[in-house]
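Working through the structure, step by step
The chain contents come next:
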Amino acid sequence: MENIIHVDLNNFQQVMLEASQQKLVMVDFWADWCEQCKSLMPTLEKLAGEYSQHLILAKVNCDEQQQIAMQFGVRSLPTVILVKDGQPIDGFAGVQGESEIRAMLEKHLPSPADTLLEQARLSLSEGDAQQAFGLAKQAYDLDSQRADIKFVLIEAYLELGRLQQARELLDSVGMVDQDAQYQSLKGRIELAEQAAESPEIKALQEASEQQPDNLELKVKLAVQLQQAGRVEEALGLLMTVLQTDLAFGDARKVMLDCLNALPTGDPLASQYRRKLYSLLY
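The name recorded for the protein chain in an unreviewed UniProt entry is Thioredoxin, from Bowmanella pacifica.

Put into structure tokens, the structure is as follows:
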């Protein structure tokens, strides 16, 4: 495997100092005469295969690379040391079971949520808000308490024009996490909300309040709300129209258009599709 490397003085700096900036390096100090080393090695290689995206297994033959073993202060074999950013951060001496080694690795390896979050950030930087939303939502479903995940999901909501969802998620961020990024997102949401309060929306809202039975006004208002990023309000309004008259005008088409415009995996889409299907069938 490409992430299993035999380390000597020639590639020591490349692996221990440079590669460890990008991935976790698991250094296996072994010798050919050490039976325990031979029994441990298949387990280390198996784990290296499983975590190949984030882990390098660096093998050091202590008979041949005594200088490296001395530099790490190795006193017995086998010894395994984890290196990150050029520094030892964890390890053990002797033989340990696969579950114990896995538990040690997982303390230092990115979680599935971390991987999804990084991919979501990349998608945002590339201008793909739909994909960013899907990835950030998956990360949020795995760990809904992390502010960094919430911030990326909020940014995706903003890029998609989903102001209400962005606001609701921002409001769930605790005081301890209300840092500069929080304040920046708050400002963006407030500006977008001000822009969404268009004269057309206000006029239609007033007219609809004065004529609560006018379904045509409700559909027109729903269209304006959807265009302003107030999707949940638009869907709720269209649902009241369809509940009153399932065949009214183009209300059903407008609602389907709203649903189809939502990103894949958006819970709002599945929620309102179920409501619509319950009316149809």
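**Let's talk about the sheet that holds strand S4 (residues 79-84)**
If you walk across this open sheet you meet the five strands as S1-S3-S2-S4-S5, and the pairing is mixed. Strand pairing shows two members of the sheet lacking a second neighbour, strand S1 (4-6) and strand S5 (87-93), which therefore form its edges. With strand direction ignored, the average angle separating the axes of adjacent strands in the sheet is 25°. Docked against the sheet, helix H2 (residues 35-50) engages S1, strand S2 (24-30), strand S3 (55-61), S4 and S5, running at close to 155° with respect to S3.

**What about the side chain of Ser 20?**
Counting through the fold element by element, Ser 20 comes out in the loop between helix H1 (12-18) and S2. Judged by its relative accessible area of 0%, Ser 20 is buried. Of the polar contacts made by the side chain of Ser 20, one reaches the backbone oxygen of Met 16; its length is 2.6 Å. Here the side chain of Ser 20 touches Gly 86 through a polar contact of 2.8 Å, landing on its backbone nitrogen. Ignoring sequence-local partners within four residues, the contact set of Ser 20 consists of Val 15, Val 25, Val 83, Lys 84, Asp 85 and Gly 86.

**Here we look at the packing of aromatic side chains**
Under the criterion given, the structure shown has three aromatic pairs. Arranged with centres 5.3 Å apart and planes meeting at 55°, the rings of Phe 29 and Phe 72 form a pair that is tilted. Of this pair, Phe 29 sits in strand S2 while Phe 72 sits in the loop between helix H3 (66-71) and S4, and the two are 43 residues apart along the sequence. In this structure, Phe 29 and Phe 72 share a single accessibility class: buried. When the centroid spacing of 5.5 Å and the interplanar angle of 50° are considered together, the rings of Phe 133 and Tyr 157 count as tilted. You can see Phe 133 sitting in helix H6 (residues 129-142) and its partner Tyr 157 sitting in helix H7 (residues 147-159), a full 24 residues away along the chain. Accessibility classification places Phe 133 together with Tyr 157 in one group, the buried group. One aromatic cluster is present, built from ring pairs that chain together Phe 12, Phe 29 and Phe 72. Taking the ring centre of Tyr 272 as reference, the NZ or CZ of Lys 275 above it sits at 4.5 Å.

**What about the environment of Ala 132?**
Within the secondary structure, Ala 132 sits in helix H6. Look at Ala 132 and you get buried, because its relative accessible area is 0%. Separated by 54 residues in the primary sequence, Ala 132 and Pro 78 place their C-alpha atoms 44 Å from one another. Not counting residues up to four positions away in its chain, the partners in contact with Ala 132 are Ala 120, Ser 123, Leu 124 and Ala 156.

**Some thoughts on the pattern of salt bridges**
Side-chain pairing between opposite charges can occur once the charged atoms of the two side chains come close. Applying the stated criterion across every chain, the model contains 17 salt bridges. The residue Lys 46 makes a salt bridge to Glu 98 at a minimum N-O spacing of 3.1 Å. You can see Lys 46 sitting in helix H2 and its partner Glu 98 sitting in helix H4 (residues 98-106), a full 52 residues away along the chain. Of the charged contacts, one joins Arg 162 and Asp 266 as a salt bridge, the two residues approaching to 2.1 Å between their closest N and O atoms. Note that Arg 162 is positioned in the loop between H7 and helix H8 (163-171) and Asp 266 in the loop between helix H13 (251-261) and helix H14 (267-280), a separation of 104 residues in sequence.

Rules and cut-offs
- Residues numbered from 1 in each chain as written.
- Predicted model: local features only at pLDDT ≥ 70, side-chain atom pairs only at ≥ 80, totals over all residues.
- Heavy atoms only, no water.
- Pairing = 2+ DSSP bridges.
- Helix = DSSP H or I, 4+ residues; strand = E, 2+ residues; numbered from the N terminus.
- Axes fitted to C-alpha atoms, helices over the stretch in contact; angles between N-to-C directions.
- Contact = heavy atoms within 4.5 Å.
- Buried < 20%, exposed > 50% of the residue type's maximum accessible area, 1.4 Å probe, protein only.
- Polar contact = N/O pair within 3.5 Å; in protein donor to acceptor, adjacent residues only side chain to side chain.
- Phe/Tyr/Trp six-rings, centres within 6.5 Å; stacked < 30°, edge-to-face > 60°.
- Lys NZ or Arg CZ within 6 Å of the ring centre and 35° of its normal.
- Salt bridge = Lys/Arg side-chain N within 4 Å of Asp/Glu carboxyl O.

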